[in-house]
Amino acid sequence: MKFDIRSIFEENEKKETELIEEPELVTEQASHINKYGAIYLNALIMMALIIVTVIYTTMIPRTIYAEIDGINETIITDAYTVDKALKKAGIPLWDEDYLSETPGAFVHDNMKLQLVHATNYSVTVDGSTSEFKSLEKTVGEALAEEGIKVGEIDIVEPKMASALEEEMRIVIRRVVIEEETIEETVKFKTIVKEDGTIAEGNEKVSREGRDGKDKVIYEITYVDGKETERREVKRKTVEKPVDKIVHKGTAVEYNGKLYRKKLTVRAYSYTGGGRTASGTRARVGEIAVDPRVIPLGTVVYIPGIGERRAEDTGGNIKGNTIDIYMSSVGACRRWGCRTITIYIK
């Protein structure tokens, strides 16, 4: 057998190398365990927390002390966020409502919560109706919140200062006031004058009428485009009207003569002389009258007696009453007192 000392040295070197490299392999394995073991441990801890959280949020009930629209309520829930807890309790929640917590806030036991629901209302304006919700307190504040402009003379029902109420219907009527100048025709009047020179039943026009013209300024109020009021502000005469004058006949024909009118009177008689109220001598041919009915100096025709002149008055002669002067007491007795129709010239 061939002996090679060189091969012995090479074999010894190989063994030494293996002995040196083996500790390096052990160190590398230990480092791997240190590095990934912590990650595995953290993952296990996180998984445990998730399991605990899921159990807590889905299985363990929690109590919420809520004030809803000023009324205290106790809500026991297994929901894990505020919005879900309210939904499970049948309590509506809208974007416009006030909520003391964010809707997605985590629910913890003995949680305190305040919820104020916005008021539902509608606004009818400019031909359309819209629905709104608001936490404002008055009609005016709610309209301002929505940017709905209201003019100074617009009509708002209910009024701007009214408290905003649930399901309130607010109506805004747009008001516009304008001035208008127009020319108007002024109708002439017909004036009727009694005329004793014209036979009763006949008429005579002494002047024809003519319409006039006025320039008139009106203040017109429109509500939602419709005229609701028209008020005259100023009027100026452009051309005056001319009245028509009509003479109406009152003359009465009797025995072929025309008399200005006829009058039914109670006729008495008197005698004895003296002086009349006109200063003339009392005599046959004159009568006493009430001057408010038959003026002194008026000539009247008395059927059966003839024409007489009103010259006297008397304390008992009132209204449609006359006193005929007679020549004697006997004539007065024969006449007595009669209701007759007389004719006035």
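Provided above is the structure to which this section pertains.
Conventions used here
- Residues take numbers from 1 onward in each chain, read along the sequence in its written order.
- Where totals are concerned, whole chains, interfaces and linings use all residues; where local detail is concerned, this predicted model gives features only for residues with pLDDT of at least 70, and gives and counts side-chain atom pairs only at 80 or more.
- Side-chain measures here rest on the full set of heavy atoms in the structure, leaving out hydrogens and waters.
- Runs of E in the DSSP output that reach at least two residues are strands. Runs of H or I that reach at least four are helices, and both are numbered from the N terminus.
- Aromatic pairing here means that ring centres of Phe, Tyr or Trp (its six-membered ring) are within 6.5 Å. Orientation follows from the plane angle: under 30 degrees is stacked, over 60 is edge-to-face, and everything else is tilted.
- For the exposure calls, accessible area comes from a 1.4 Å probe over protein chains only, and a residue counts as buried if that area is under 20% of its type's maximum, exposed if over 50%, partly exposed in between.
- Patch membership requires more than 30% relative accessible area and the absence of a salt bridge. Residues of like charge join within 9 Å; the nonpolar side chains Val, Leu, Ile, Met, Phe, Trp and Tyr join within 5 Å.
- For the accessible areas, the method is Shrake-Rupley and the probe is 1.4 Å, while residue cover comes only from the protein chains on display.
- By salt bridge we mean one thing: a side-chain nitrogen of Lys or Arg within 4 Å of a carboxyl oxygen of Asp or Glu.
- If DSSP finds at least two bridges between two strands, the strands pair.
- Comment: axis = line fitted to C-alpha atoms, over the contacting stretch for helices; angle = value between 0 and 180 degrees taken between N-to-C directions.
- In this tally, Asp and Glu contribute negative charge and Lys and Arg positive charge; neither His nor the terminal groups of the chain are included.
- For charged residues, the charge sits on one atom: NZ in Lys, CZ in Arg, CG in Asp, CD in Glu.
- The term nonpolar core refers to a set of buried residues drawn from Ala, Val, Leu, Ile, Met, Phe, Trp, Tyr and Cys, joined through side-chain atoms within 4.5 Å.
- Contacts were defined at the residue level, with two residues in contact if any of their heavy atoms lie within 4.5 Å.
- Polar contacts, as used here, are pairs of N or O atoms within 3.5 Å; protein pairs need one atom able to donate a hydrogen and one able to accept it. Residues neighboring in sequence count only if both atoms are side-chain atoms.

A. The environment of I60, seen in detail. Its place among the elements puts I60 in the loop between α1 (5-59) and β1 (62-68). Taking C-alpha positions, I60 is 9.2 Å from A79, a pair spaced 19 residues apart along the chain.

B. Seen up close, the packing of aromatic side chains. Per the counting criterion, the structure on display carries 6 aromatic pairs. Ring centres 4.4 Å apart and planes at 20° place the aromatic pair Y254 and Y343 in the stacked group. You can see Y254 sitting in strand β14 (residues 244-254) and its partner Y343 sitting in strand β21 (residues 338-344), a full 89 residues away along the chain. By relative accessible area, Y254 is classed as partly exposed at 23%. Residue class for Y343 comes out buried when judged on its relative accessible area of 10%.

C. Highlighting a nonpolar patch on the surface. Taken together, the side chains of L41, I45, M46 and L49 make up a nonpolar region of the molecular surface, amounting to roughly 390 Å² of accessible area. Relative to the helices and strands, M46 is located in helix α1.

D. Quick look at the pairing of strand β20 (residues 321-325). Extensive coverage of β20 is indicated by the burial of 5 of its 5 residues. Of the two faces of β20, the one holding T321, D323 and Y325 and the one holding I322 and I324 are both buried throughout. Note that strand β16 (residues 261-270) and β20 share 5 bridges and pair parallel. Among the inter-strand pairings, S269 is bridged to a residue of β20, identified as I324. Across 2 bridges, strand β17 (residues 286-288) lies against β20 in antiparallel orientation. Counted as the bridge partner of A288 is D323 from β20.

E. Molecular detail of the sheet that holds strand β7 (residues 155-157). In space, the 4 strands of this open sheet follow the order β6-β5-β8-β7, with mixed pairing throughout. Either end of the sheet is taken by a strand with one partner, and the two such strands are β6 (128-134) and β7. Neighbouring strand axes in the sheet, compared pairwise and without regard to direction, differ in orientation by 20° on average. Bridge count between strand β5 (residues 119-125) and strand β8 (residues 168-173): 4 bridges; the pairing is parallel. Note that in β8 the partner of S122 across the bridge is R169.

F. Structural view of a negative patch on the surface. There is a patch of like negative charges on the surface, built from D95, E96, E136, E141, E145 and E146. With respect to the helices, strands and loops of the structure, D95 is situated in the loop between α2 (82-88) and β3 (98-99). By relative accessible area, which is 79% here, D95 ends up exposed.

G. Quick peek at the nonpolar core. Core analysis: the largest hydrophobic core is formed by 18 residues, its most contacted members being I294, I302, I322, I324 and I342. Those elements giving two or more residues to this core turn out to be β16, β18 (299-302), β20, α4 (329-335) and β21. If near-sequence neighbours (up to four positions away) are discounted, I324 is found in contact with A267, Y268, S269, Y270, E286, I287, I302, I305 and W335.

H. Inspection of unusual backbone geometry at higher detail. Residues E157 and P158 are joined by a peptide bond in cis, for which omega reads -5°. Topologically, P158 is positioned in the loop between β7 and β8. Its identity as a non-glycine residue notwithstanding, N110 has a phi of 65°, on the positive side. On the secondary structure map, N110 appears in the loop between β3 and β4 (111-116). In this structure, N255 is a non-glycine residue whose phi angle is positive, near 55°. Mapping N255 onto the fold places it in the loop between β14 and β15 (257-259).

I. Expanded view of the side chain of H247. Mapped onto the elements of the fold, H247 is located in strand β14. Only 3.4 Å separates the side chain of H247 from the side chain of D195, close enough to count as a polar contact. Side chain to side chain, H247 and S206 meet in a polar contact 3.1 Å long. Those residues within four positions of H247 in sequence are excluded, and the remaining contacts are K193, D195, I198, N202, E203, K204 and S206.

J. Examining the pattern of salt bridges more closely. What the rule picks out here adds up to 16 salt bridges. A salt bridge links R230 to E227; its shortest N-O distance comes to 3.0 Å. A residue is classified by how much of its surface remains accessible, and R230, at 36% relative accessible area, is partly exposed. Here the salt bridges do not stand alone but share partners, grouping E184, D214, E232 and R235 into one network.

What is shown is where atoms sit, not what they do.
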